[in-house]
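Descriptive structure summary
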Amino acid sequence: MDNATPMDNATLTVQDQTLELPLTKGTENEVAIGIKALRPSTGVITMDPGFANTGSCESAITFIDGEKGILRYRGYPIEDLAEKSTFSEVAYLLIYGELPTADELESFRRQLRRHSLLHEDMKKFFEGYPPSAPPMSVLSTIVASLAAYYPVANTDDDVNLNIIRLIAKLNTIAAFAYKKSVGQPYVYPCNDHSYAGDFLHMMFAVPAERYDIDPLLTKTLDMLLILHADHEQNCSTSTVRMVGSSGADLFSSISAGIQALSGPLHGGANQAVIEMLEQIENDGRNIAKYVELAKDRDSDFRLMGFGHRVYKNFDPRARVIKQKASEVLDQLGVDDPLLDIARELERIALEDEFFVERRLYPNVDFYSGIIYRAMGIPTNMFTVMFALGRLPGWIAQWLEMKKDPATRIYRPRQIYTGSTERAYEVIGER
Ligand code: SDX
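The following paragraphs examine the structure supplied in this document. (Residues numbered from 1 in each chain as written. Predicted model: local features only at pLDDT ≥ 70, side-chain atom pairs only at ≥ 80, totals over all residues. Heavy atoms only, no water.)

1. Some points on the packing of aromatic side chains
By the definition in use, this model includes 18 aromatic pairs. Taking the centre distance of 5.5 Å and the plane angle of 40° together, the rings of Phe-87 and Tyr-195 count as tilted. Separated by 108 residues along the polypeptide, Phe-87 in helix H3 (residues 87-96) and Tyr-195 in helix H8 (residues 195-204) bring together distant segments of the chain. Tyr-195 shares its class with Phe-87; the two are buried. Between Tyr-150 and Phe-251, the aromatic rings sit 6.4 Å apart at their centres with planes inclined by 50°, giving tilted as the arrangement. (Phe/Tyr/Trp six-rings, centres within 6.5 Å; stacked < 30°, edge-to-face > 60°. Helix = DSSP H or I, 4+ residues; strand = E, 2+ residues; numbered from the N terminus. Buried < 20%, exposed > 50% of the residue type's maximum accessible area, 1.4 Å probe, protein only.)

Right, dumping it as structure tokens:
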């Protein structure tokens, strides 16, 4: 990882003090002001709710240009990877920094297959959940419990083995969570299949019936996992880094990231989009009504799958997924009215001043649920699919944070607005 390049200082005048603060520039010419000296020199802090203008780290993993709709993993455009690569290869690229040779990729895949089983005792955790348990909560809890079976890793080799275990087992944990929710027997991993193919096999195979993995569904799922694999310092990735910055182990850090992703403003949006489209369909397809609701500041209704903190242009992932949605549904012979509603909603919104002015475009979640539905994946498992894809990115970011000598435990400051000092007096009988 190249360090950011020092530039001329920025001059900041705060109350009666003038400060020279260092400027640094990244390899894509992004510039940051280093404010480490600000509070020690002036007692003043910065305030940036949601950290919209605040960098937490230097990173060499993923680059996003929100203005131009660019997304690259380790320099490779997402469009190329989605079309030509595989999820295992992209996971390797994100985590280890370079594309693997054929032998390295085969070894990586062999390790993933070797570690895909869960300890038989872990099945007891699933037994304790009611069928209605939110799959993301089950995922997060079971991932955290991996620390009970695999000791905290101290050497690089131990850490790498836990990385392999986590990627391999998350596939199985996700499928087991689904099987538990529908009361079907677990289907164990099978080493003949690819990562995506084995997920479909564990999700949909049932005893006494032949299940043939559809190569179209496998390729489509593999592509969706690639498109979700990393996205620089988003909410869940920042959570993984924050938890890891305290020295917490990989499993605990990822478990926290899964919970952060579950929120409807983040990864939970793909499920919320389908629920929104179903609501519109059930309400006589009154799209205009919902566009107006989304614009009404007094209503808490939002167009789920629209808008993004960073993309002020099309989310390049949404562009690929929208195209794939049409192709996959055509090839599967699925005619989903929700796809028509989504397209019409997008068309109306992108011609409406409210959305144009705020530069709100479809994001990665707007069309992904349409494809998951066509694949037979239930709505409450959509965000689990997002987590499966995002895992290599979380791991890569966690590793980079651990290895970065500049890493300090995350501990933001605040501006206190509560009561000033007051004397304590006993009010009632104690
Ligand atoms: C993901 O960060 C990442 O990289 C995340 C992600 C990843 O890969 O990790 O890309 C994955 O989380 C994608 C986003 C999924 N979430 C949704 O689709 C939920 C709907 N979108 C929004 O809630 C919102 O757009 C966010 C949360 C995505 C971004 O929120 P911001 O950047 O804090 O923007 P904001 O809430 O300050 O909105 C700015 C304005 C506001 O209006 P005004 O106050 O200026 O009048 O735009 C409006 C908002 O009301 N607005 C919307 C809207 N999104 C923003 N109005 C209607 N519908 C929407 N979807």
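2. Some thoughts on the sheet that holds strand S4 (residues 62-65)
Judged by pairing direction, the sheet is antiparallel, and its 3 strands sit side by side in the order S4-S5-S6 without closing on themselves. Whereas interior strands pair on both sides, the edge strands pair on one side only; in this sheet they are S4 and strand S6 (76-77). (Pairing = 2+ DSSP bridges.)

3. Things to note about the pattern of salt bridges
On inspection of all chains with the given rule, the structure shows 21 salt bridges. Two residues, Arg-343 and Asp-340, come together in a salt bridge whose shortest N-O distance is 3.6 Å. Of the two residues, Arg-343 and Asp-340 are both situated in helix H15 (residues 337-350); the distance of 3 residues between them amounts to about one turn of the helix. Residues joined in a network through salt bridges with shared partners are Glu-106, Arg-110 and Arg-113. (Salt bridge = Lys/Arg side-chain N within 4 Å of Asp/Glu carboxyl O.)

4. As for the side chain of Lys-179
Take Lys-179: it is sitting in helix H7 (residues 156-182). Here Lys-179 occupies a buried position and makes no salt bridge, while the nearest side chain of opposite charge, Glu-209, is found at 9.0 Å. Looking at Lys-179, its side chain comes within polar contact range of the main-chain oxygen of Met-203, at 3.0 Å. Here Lys-179 is in contact with Gln-184, Pro-185, Tyr-186, Val-187, Met-202, Met-203, Phe-204, Ala-205 and Val-206, once residues within four sequence places are set aside. (Lys, Arg positive; Asp, Glu negative; His and termini not counted. Polar contact = N/O pair within 3.5 Å; in protein donor to acceptor, adjacent residues only side chain to side chain. Contact = heavy atoms within 4.5 Å.)

5. Brief notes about the environment of Ala-269
Here Ala-269 shows up in helix H12 (residues 269-282). The spatial distance from the C-alpha of Ala-269 to the C-alpha of Arg-285 is 20 Å, given a sequence separation of 16 residues. Ignoring anything within four residues of it in the chain, the contact list for Ala-269 reads Gly-263, Pro-264, Met-304 and Asp-365.

6. A word on unusual backbone geometry
Within the chain, Arg-74 stands out as a residue other than glycine whose phi angle is a positive 50°. For Arg-74, the location among the structural elements is in the loop between strand S5 (70-73) and S6. A relative accessible area of 23% means that Arg-74 is categorised as partly exposed. The phi dihedral of Ala-208 falls on the positive side, at around 70°, and the residue is not glycine. Looking at where Ala-208 falls in the secondary structure, it is placed in the loop between H8 and helix H9 (215-227). Under the relative-accessibility criterion, Ala-208 is labelled exposed at 88%.

7. Considering the pairing of S5
Where burial is concerned, the two faces of S5 differ: the one with Leu-71 and Tyr-73 is buried and the one with Ile-70 and Arg-72 is not. Bridge count between S4 and S5: 4 bridges; the pairing is antiparallel. Bridge pairing in S5 places Asp-65 opposite Ile-70. Taking the residues that link successive antiparallel strands as the turn, the S4-S5 hairpin has 4 residues, and the phi of Gly-69 there is positive, at about 65°. Where S5 and S6 come together, 2 bridges link them in antiparallel fashion. Bridging from a neighbouring strand, Tyr-73 pairs with Tyr-76 of S6. In this structure, the hairpin formed by S5 and S6 is closed by a connection of 2 residues, where Arg-74 is found at a positive phi of approximately 50°.

8. Details of the packing of H12 against helix H18 (residues 382-403)
Put simply, H12 and H18 touch, their axes get as near as 7 Å, and they point 150° apart. Taken as axis vectors, H12 and H18 run roughly antiparallel relative to one another. For the element pair H12 and H18, the recorded crossing hand is right-handed. Here Asn-270, Gln-271 and Ile-274 of H12 come into contact with H18, specifically with Phe-382, Thr-383 and Phe-386. Of the residues contributing to the contact of H12 with H18, the split by class is 3 nonpolar, 3 polar and no charged. (Axes fitted to C-alpha atoms, helices over the stretch in contact; angles between N-to-C directions. Parallel < 35°, antiparallel > 145°, perpendicular 65-115°, else oblique. Left-handed = near helix turned anticlockwise from the far one by under 90°. Nonpolar A, V, L, I, M, F, W, Y, C, P; charged D, E, K, R; others polar.)

Fair warning: the whole summary comes from geometry, so function is off the table for now.
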